[in-house]
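Overview (structure and organization)
Now for the letters of each chain:
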Number of protein chains: 2
Amino acid sequence: MIKEFDDLIYNNYRIKFNNEALLDAAMTQASYVNEHPDQNLKFYQRLEFLGDAVYELAVSTYIFKRFPKLPEGRLTRLRAAMVNEDSFSRLAKECQFNKYIRLGKGEEEAGARNREKLLCDIFESFIGAVYLDQGMDKVVSFCKQVLFPKLDEGWFDEYFDHKTDLQEKVQEHGPVDIEYHLLDEEGPDNDRRFKTSVVINGKEYGEGVGESKKDAEQNAAKRALKVLDNDE
Amino acid sequence: MIKEFDDLIYNNYRIKFNNEALLDAAMTQASYVNEHPDQNLKFYQRLEFLGDAVYELAVSTYIFKRFPKLPEGRLTRLRAAMVNEDSFSRLAKECQFNKYIRLGKGEEEAGARNREKLLCDIFESFIGAVYLDQGMDKVVSFCKQVLFPKLDEGWFDEYFDHKTDLQEKVQEHGPVDIEYHLLDEEGPDNDRRFKTSVVINGKEYGEGVGESKKDAEQNAAKRALKVLDNDE
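Residues numbered from 1 in each chain as written. Chains lettered and ligands numbered in written order. Predicted model: local features only at pLDDT ≥ 70, side-chain atom pairs only at ≥ 80, totals over all residues. Heavy atoms only, no water.

**Considering the overall build of chain A**
Secondary structure assignment for chain A yields 12 helices and three strands. A compact globule built from 232 residues should have a C-alpha radius of gyration of about 17 Å, whereas chain A, at 22 Å, is more than 25% larger. Overall size of chain A, expressed as C-alpha extent along the three principal axes, is 75 × 40 × 30 Å. A burial count over chain A gives 49% of its 232 residues as buried. Put simply, of all contacts in chain A between residues at least 6 apart along the chain, 58% involve residues at least 24 apart. Summed over all atoms, the accessible surface of chain A reaches about 11600 Å², with 45% contributed by carbon and sulfur. Charged side chains of chain A number 33 positive and 45 negative; the gap between the two group centres comes to 4 Å. (Helix = DSSP H or I, 4+ residues; strand = E, 2+ residues; numbered from the N terminus. Rg over C-alpha atoms; globule rule 2.2 N^0.38 Å. Buried < 20%, exposed > 50% of the residue type's maximum accessible area, 1.4 Å probe, protein only. Contact = heavy atoms within 4.5 Å. Areas by Shrake-Rupley, 256 points an atom, 1.4 Å probe, with all protein chains shown as cover. Lys, Arg positive; Asp, Glu negative; His and termini not counted. Charge placed at Lys NZ, Arg CZ, Asp CG, Glu CD.)

**Quick look at the UniProt feature "domain: DRBM" (unreviewed entry) in chain A**
The UniProt record marks residues 161-230 of chain A with the feature "domain: DRBM" (unreviewed entry), using the residue numbering of this structure. Annotated as 39% helix and 36% strand, the span residues 161-230 of chain A places its first and last C-alpha atoms 19 Å apart. (UniProt positions renumbered as here; feature names shortened; annotations may be inferred.)

**Some remarks on the pairing of strand β2 (residues 193-200) of chain A**
Residues and elements named next belong to chain A. Burial runs high along β2: six of the eight residues are buried. Bridge count between strand β1 (residues 178-186) and β2: eight bridges; the pairing is antiparallel. Looking at β2, one finds that Glu185 is bridged to Phe194. Linking β1 to β2, which pair antiparallel, is a turn of six residues; within it Gly187 sits at a positive phi near 90 degrees. With seven bridges joining them, β2 and strand β3 (residues 203-210) adopt antiparallel strand pairing. Across the sheet, residue Ser197 finds its bridge partner in β3, namely Glu207. Taken together, β2 and the strand that follows it, β3, pair antiparallel across an intervening segment of two residues, in which Asn201 is found at a positive phi of about 45 degrees. (Pairing = 2+ DSSP bridges.)

**Quick look at helix α6 (residues 85-94) of chain B**
Residues and elements named next belong to chain B. Among all positions in α6, only Ser87, Phe88, Ser89, Leu91 and Ala92 are buried. In this fold, the buried residues of α6 make contact with α4 (45-66), α5 (72-82), α8 (116-134), α9 (136-146) and α10 (149-152). A positive backbone phi angle near 65 degrees is found at Gln96, which sits one or two residues after α6.

**Regarding the relation of the copies chain B and chain A**
If you rotate chain B by 180 degrees and push it 0.0 Å along the axis, it lands on chain A with an RMSD of 0.1 Å. On the angle and the small slide along the axis, the relation comes out as a two-fold axis. Comparing interface residues between copies, 100% of those in chain B also sit at the interface in chain A, which points to an isologous, same-surface contact. (Least-squares fit on C-alpha atoms with pLDDT ≥ 70 in both.)

**A short note on the interface of chain B and chain A**
Taken together, the contact between chain B and chain A spans 28 residues of the former and 28 residues of the latter. Of the roughly 2400 Å² buried between chain B and chain A, counting both surfaces, carbon and sulfur atoms make up 66%. For the chain B face of the interface with chain A, the top three residues by lost area are Arg46, Phe49 and Phe64 of chain B, together amounting to 36%. On inspection of chain B and its partner chain A, the count reaches two salt bridges. When the shortest N-O distance is used, the salt bridge between Asp52 of chain B and Arg79 of chain A registers 3.7 Å. (Buried area = accessible area lost by both parts, 1.4 Å probe. Salt bridge = Lys/Arg side-chain N within 4 Å of Asp/Glu carboxyl O.)

**Looking at the sheet that holds strand β3 (residues 203-210) of chain B**
Residue and element names in this part refer to chain B. The antiparallel open sheet is built from three strands, whose spatial order is β1-β2-β3. Looking at which strands have only one partner, the edges of the open sheet turn out to be β1 (178-186) and β3. Geometrically, the sheet is characterised by an average inter-axis angle of 20 degrees between neighbouring strands, direction not taken into account. The sheet contacts of helix α11 (residues 162-170) involve β1 and β2 (193-200), and relative to β1 the element is tilted by about 145 degrees. (Axes fitted to C-alpha atoms, helices over the stretch in contact; angles between N-to-C directions.)

**Considerations on the sheet that holds β1 of chain A**
Residues and elements named next belong to chain A. Sheet architecture is open: three strands sit in the order β1-β2-β3, paired in antiparallel fashion. Of all strands in the sheet, those bounded by a partner on one side alone are β1 and β3. With direction set aside, neighbouring strand axes in the sheet form an average angle of 20 degrees. Relative to the sheet, helix α11 (residues 162-170) contacts β1 and β2, its axis offset from that of β1 by approximately 145 degrees.

Rendered as structure tokens:
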């Protein structure tokens, strides 16, 4: 592999491969292999197959432990939000993996390097290679650095319906009264801000702001869920 | 948990839980928890969420290493055949897990104990608990004993189209001539046996028998794939 990429993953993630051919394969598309038939290269697809399962388990274990009260349905939705093409392609770019993919000329010209599907595949094949070469502990430490913090940065929020989650949660043991109160709105029409609170059985559990009433309510529900999760 | 079940998993799989509450939860349905509100019990769903990802990775790793030349598409199909409700519910029964599920009375009377979906869930929650309590190595040794051998016993054959697999494999690098020859048929009409061979570019790669020509051809293709996989 290009020395620059070795340096990048060592400097940023303290990953140093024993078997460099694995890392090579993880970053190589079939089109490149076909253009260099003499080099006996491998391409990334098999490692991607493995990497997908590796992320599934790493993420599952993390959210299972981090949210000890979260019911299965919400865990499943959260996992699906974290392990998917959209989030992985963004992460691949953030990690600058796109710069080091080995592509055939035709694919390069067709703009494959920045295609979401390929970026996602490479993000998976990379972790498949890390898992084989370095084991699950190194995978987890990479995820702790790169993937898990995105949860707190709100990356996966758009996938959630916090109001539904809150309703499901508080109504587990029977019907409960949930109300959203508009507390404030300010700013000109083209830059308006709303502030709401969520009140459960007469007690306020959280406030939220947003550019629409709906956003403000979602944020209030999100806040209330956090309060309730910490309560238990 | 019932002492009998502890004994069963120790005697059969050498698994002894440190945290018995995990094993209890893995075998307990919500209906049972609801009937015993005083016991502060947990039910299996969260462990099932985790167990699903645990099997995915255990199976992925196994078939990735066992079939070093199998392309991603065939690996994915094989994994889907191994990790699914049908195979897991059969395995749960074979392991006698169905006897030890804790159900509420209504569910028991409704026959839930032998419902495929529940058996599959329990097979997953069990491995989720093993993974948390004992780690991945114990999971793998359980799979080696219980799940992986089914591959050689032909459990997953019906999910495969060996003829298509063979065609995909040999035509990777361009068109190839594949023929199936009927070699023999014998027995009375209601118990007929067919024998075929598969010939690739004029060379025979395998023979197969079956109760129909189609079955015999599938079996010949399966045999040829084995020969080719070992060849490489």
